[in-house]
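What follows is the residue order along each chain.
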Amino acid sequence: MNQGPSPLLWIVTAVVLSAFTSFFVAQFAAPKSGRAQSDLLTKSSPDFHEWLHAELAITPEQEKALASIESQFERQRIDLLERIRVAGQSLASTLEAKPDDSESINNCLREINSAQGELQQVMITHFLDMKEHLSPSQATRLLQWTRESITHDR
Ligand SMILES: [Zn+2]
């Protein structure tokens, strides 16, 4: 009576295979591209930002005055990096699962671009906020390095 594998076995096999595929995608494809995205930014912007603070020779008094805008900037930066990471992951899984779905792919790309744009905006605003607490010569150097970081993509 029972000839060949039962339909249930096929269903189970299909589920296991798709689970394995999503595991594979989650383990390899998605984190890799997500990490690449945030690496790009953690390498450029925050390193530049730290370098900037060190190079400006910020005094302890200035650090104290800057503390609240620094922590606000840090929160915004973390949120935006997370948005970029999540969008990068969903781009990777869309490319894997629905490579012909150009609308979903474009939505992911738009989200990545918009979060990156906001991050740049937040950084420039932060530099201008910082400038208020600096001496005139520190402020001049800050503006110069900010301009250079934009034009040379430091
Ligand atoms: Zn700062």
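All of these numbers come straight from a predicted model, not from anything done at the bench.

1. Quick word on the overall build of the protein
Here's step 1: Each helix and strand counted, the protein has four helices and zero strands in total.
Here's step 2: In the protein, the order of α-helices and β-strands from amino to carboxyl end is α-α-α-α.
Here's step 3: Among the 154 residues that make up the protein, the fraction classed as buried is 12%.
Here's step 4: Across the protein, every contact between residues at least 6 apart in sequence was considered, and the portion connecting residues at least 24 apart equals 74%.

2. Observations regarding the nonpolar core
Here's step 1: Formed by L80, I84, A87, L91, A92 and A115, the largest nonpolar core amounts to six residues.
Here's step 2: Every residue in contact with L80, bar those within four places of it in the chain, is listed here: A115, E118, L119 and V122.

3. Here we look at the environment of Q138
Here's step 1: One can find Q138 in helix 4 (residues 136–152).
Here's step 2: Along the sequence, Q138 and E55 sit 83 residues apart, while their C-alpha atoms lie 9.3 Å from each other.

4. With respect to helix 3 (residues 102–131)
Here's step 1: Taking 1.5 Å per residue as the helical rise, helix 3 with its 30 residues ought to reach 44 Å, and the 43 Å between its terminal C-alpha atoms agrees with that figure.
Here's step 2: Listed in full, the buried residues belonging to helix 3 are A115, M123, H126 and M130.

5. Brief notes about helix 2 (residues 60–97)
In an α-helix, one turn spans 3.6 residues, which is why side chains three or four residues apart end up on the same side.
Here's step 1: Here helix 2 is 38 residues long and its end C-alpha atoms lie 52 Å apart, about the 56 Å a rise of 1.5 Å per residue gives.
Here's step 2: Where helix 2 bends most, the angle comes to about 50°, and this point is L66.
Here's step 3: For helix 2, the full list of buried residues reads L80, I84, R85, A87, G88, Q89, L91, A92 and T94.

6. Re unusual backbone geometry
Peptide bonds are trans in most cases, and residues, glycine excluded, mostly fall at negative phi.
Here's step 1: Unusually for a residue other than glycine, A57 sits at a positive phi of about 50°.
Here's step 2: If you trace the backbone, A57 turns up in the loop between helix 1 (7–55) and helix 2.

7. Section: the confidence of the model for the protein
Here's step 1: Of all residues in the protein, 68% have pLDDT values of 70 or greater, and the mean over the chain is 77.
Here's step 2: Confidence over residues 15–44 falls short of pLDDT 50; this stretch has 25 contacts with residues more than four positions distant or in other chains.

8. So, the environment of R83
Here's step 1: Within the fold, R83 resides in helix 2.
Here's step 2: Between the C-alpha atoms of R83 and A115, which are 32 residues apart in sequence, the distance is 6.5 Å.

9. Observations regarding the environment of F73
Here's step 1: Relative to the helices and strands, F73 resides in helix 2.
Here's step 2: Assessed through the 19 C-beta atoms surrounding it within 10 Å, F73 is described here as partly exposed.
Here's step 3: As a C-alpha pair, F73 and V122 span 49 residues in sequence and 7.3 Å in three-dimensional space.

10. Examining the packing of helix 2 against helix 3
Here's step 1: Taken N-terminus to C-terminus, the directions of helix 2 and helix 3 make an angle of 165°; their axes are 9 Å apart at the nearest point. Taken together, helix 2 and helix 3 sit at an angle that is classed as roughly antiparallel. Read as a crossing pair, helix 2 and helix 3 show a hand that is left-handed.
Here's step 2: Residue composition of the contact of helix 2 with helix 3, grouped by class: 16 nonpolar, seven polar and five charged.

About the criteria used
Per-chain numbering applies: the sequence of each chain, read as written, is numbered from 1 onward. The predicted nature of this model means local features are confined to residues of pLDDT at least 70 and side-chain atom pairs, given and counted, to a pLDDT of 80 or more, with totals for whole chains, interfaces and linings taken over all residues. What counts as a helix is a DSSP run of H or I of at least four residues, what counts as a strand is a run of E of at least two, and both are numbered from the N terminus. Three exposure classes are used, all based on how many other C-beta atoms lie within 10 Å of a residue's own C-beta (placed from the backbone): buried at 20 or more, exposed at 12 or fewer, and partly exposed between those limits. Throughout, a pair of residues is in contact if the C-beta atoms placed from their backbones lie within 7 Å. Each nonpolar core consists of buried Ala, Val, Leu, Ile, Met, Phe, Trp, Tyr and Cys residues. Their C-beta atoms, within 7 Å, join them into a set. The span one expects for a helix is its residue count, reduced by one, times 1.5 Å. Here the bend at a residue is taken as the angle between two axes, fitted respectively to the seven residues that end there and the seven that start there. Summary of the metric used: pLDDT quantifies the predictor's per-residue confidence within the range 0 to 100. To get an axis, fit a line to the C-alpha atoms, keeping to the stretch in contact for a helix; angles then go from 0 to 180 degrees between the N-to-C directions. Every angle not falling under 35 degrees, over 145, or within 65 to 115 is termed oblique; those three ranges are roughly parallel, roughly antiparallel and roughly perpendicular. Definitions for this section: a left-handed crossing has its near helix turned counterclockwise from the far helix by less than a right angle. A right-handed crossing has that turn clockwise. By the convention adopted, Pro, Cys, Tyr, Trp, Phe, Met, Ile, Leu, Val and Ala count as nonpolar, Lys, Arg, Asp and Glu as charged, and the other residues, Gly among them, as polar.

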